[in-house]
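Working through the structure, step by step
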Amino acid sequence: MKIDQSLPLEYSTEENRIKILGFWIFLGAEITLFATLFASYFTLVNRTGSGPTGAEIFELTPVLIETLLLLTSSFTIGLAIHAMRLGRQKAMLTFFGLTLLLGLGFLSLEIYEFFHYVHVGASIQTSAFTSMLLTTLGTHGAHVAFGLFWGLCIMLQVRRDGFTPHTANKSFIFSLYWHFLDVVWIFIFSFIYLKGMM
């Protein structure tokens, strides 16, 4: 395996560069998935039937805390990748772990939200609006849950093997995934929650 020392470790081999390109293509498919969910949600947002509207069930405080947690985690994963490029394994693992803890906090609040919605009579069977709302939020939450498991596996590999082209590549691709989830959340926060509260 030929390693190009002039490039960051995650880009240092041809295989790594192809994997990063492949992951960008995968993210394109993920964008299509979430675009479909958003389009369905906006089509059905007024189909509330006898169920509640968004303005009646959305609570600003937990959503703001969720947003703060996820945006902060985007910052810490950036710091983790920066530490990796500097060759500081302990700092990288610390920021990586912080990212996962913030993600766990986000996921806990999202689960609380689901219980709250069901408690106030907004289950997945209540109306087309609540069905698409919970499907969109649930899909994002499932991605975060998968990310937590994936990130933990990468941390264990970095701890065991140190920084190699292989582990650096995985860590960098994970950071792309995590930033993508943050961008999706900004759309959810802006166009589902804030718009729904108006």
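Residues numbered from 1 in each chain as written. Predicted model: local features only at pLDDT ≥ 70, side-chain atom pairs only at ≥ 80, totals over all residues. Heavy atoms only, no water.

Let's talk about helix 5 (residues 128-161)
The terminal C-alpha atoms of helix 5 lie 49 Å apart, and with 34 residues this matches the ideal 50 Å at 1.5 Å per residue to within 8%. Within two residues after helix 5, glycine 162 carries a phi angle of roughly 75 degrees, on the positive side. (Helix = DSSP H or I, 4+ residues; strand = E, 2+ residues; numbered from the N terminus. Expected span 1.5 Å × (residues − 1).)

Things to note about the nonpolar core
Among the nonpolar cores identified, the biggest contains 51 residues, and Phe58, Tyr117, Leu133 and Trp185 are the most heavily contacted of them. If you list the elements that add at least two residues to this core, you get helix 1 (14-44), helix 3 (60-85), helix 4 (89-119), helix 5 and helix 6 (165-197). The residues touching tryptophan 185, leaving out its near neighbours within four places in the chain, are Val63, Glu66, Thr67, Leu70, Phe106, Glu110, Leu137, His140 and Tyr193. (Core = buried A, V, L, I, M, F, W, Y, C linked by side-chain atoms within 4.5 Å. Buried < 20%, exposed > 50% of the residue type's maximum accessible area, 1.4 Å probe, protein only. Contact = heavy atoms within 4.5 Å.)

Structural notes on the packing of helix 4 against helix 6
At a minimum axis separation of 13 Å, helix 4 and helix 6 run at an interaxial angle of 30 degrees. Pair helix 4 / helix 6 crosses with left-handed handedness. Here Met92, Phe96, Thr99, Leu100, Gly103, Phe106, Glu110, Glu113 and Tyr117 of helix 4 come into contact with helix 6, specifically with Ser171, Phe174, Trp178, Trp185 and Tyr193. (Axes fitted to C-alpha atoms, helices over the stretch in contact; angles between N-to-C directions. Left-handed = near helix turned anticlockwise from the far one by under 90°.)

What about helix 1?
Taking 1.5 Å per residue as the helical rise, helix 1 with its 31 residues ought to reach 45 Å, and the 46 Å between its terminal C-alpha atoms agrees with that figure. Tucked into the core, helix 1 has its buried residues touching helix 5 and helix 6.

Describing the side chain of glutamine 157
Its location among the elements puts glutamine 157 in helix 5. Looking at glutamine 157, its side chain comes within polar contact range of the side chain of lysine 170, at 3.0 Å. (Polar contact = N/O pair within 3.5 Å; in protein donor to acceptor, adjacent residues only side chain to side chain.)

Focus: a nonpolar patch on the surface
A contiguous nonpolar surface patch, about 350 Å² in accessible area, is contributed by Phe42, Val183, Phe187 and Phe191. By residue number, the principal contributor to the nonpolar patch is helix 6, which donates three residues. You can see phenylalanine 42 is positioned in helix 1. (Patch = residues over 30% accessible without salt bridge, like charges linked within 9 Å, V, L, I, M, F, W, Y side chains within 5 Å. Areas by Shrake-Rupley, 256 points an atom, 1.4 Å probe, with all protein chains shown as cover. Salt bridge = Lys/Arg side-chain N within 4 Å of Asp/Glu carboxyl O.)

Here's the deal with the packing of helix 3 against helix 4
Interaxial distance between helix 3 and helix 4 falls to 8 Å at its minimum, and their mutual angle equals 160 degrees. Comparing the axis directions of helix 3 and helix 4 gives the class roughly antiparallel. The handedness of the crossing between helix 3 and helix 4 comes out as left-handed. A breakdown of the residues in the contact of helix 3 with helix 4 according to their chemical character gives 19 nonpolar, five polar and three charged. (Parallel < 35°, antiparallel > 145°, perpendicular 65-115°, else oblique. Nonpolar A, V, L, I, M, F, W, Y, C, P; charged D, E, K, R; others polar.)

Things to note about the pattern of salt bridges
The full count for this structure, using the stated rule, is four salt bridges. Note that arginine 17 is salt-bridged to glutamate 14, the shortest N-O span being 3.1 Å. With arginine 17 and glutamate 14 both in helix 1 and three residues apart, this pair spans about one turn of that helix. Its relative accessible area of 29% is what places arginine 17 among the partly exposed residues. Relative accessible area serves as the criterion here: at 48%, glutamate 14 is assigned to the partly exposed category. The partner of arginine 160 in a salt bridge is aspartate 161, with the nearest N and O atoms 2.9 Å apart. The exposure class of arginine 160 is exposed, given its relative accessible area of 62%. Residue classification places aspartate 161 among the partly exposed positions, given a relative accessible area of 38%.

Section: the packing of aromatic side chains
Taken as a whole and assessed by the stated rule, the structure comprises 20 aromatic pairs. For the pair phenylalanine 38 and phenylalanine 187, a centre-to-centre distance of 6.2 Å together with 50 degrees between the ring planes defines the contact as tilted. With phenylalanine 38 in helix 1 and phenylalanine 187 in helix 6, this residue pair connects regions lying 149 residues apart in the sequence. Judged by its relative accessible area of 12%, phenylalanine 38 is buried. Members of the aromatic cluster, connected to one another through ring pairs, are Phe23, Phe26, Phe96, Phe146, Trp150, Phe174, Tyr177 and Trp178. (Phe/Tyr/Trp six-rings, centres within 6.5 Å; stacked < 30°, edge-to-face > 60°.)

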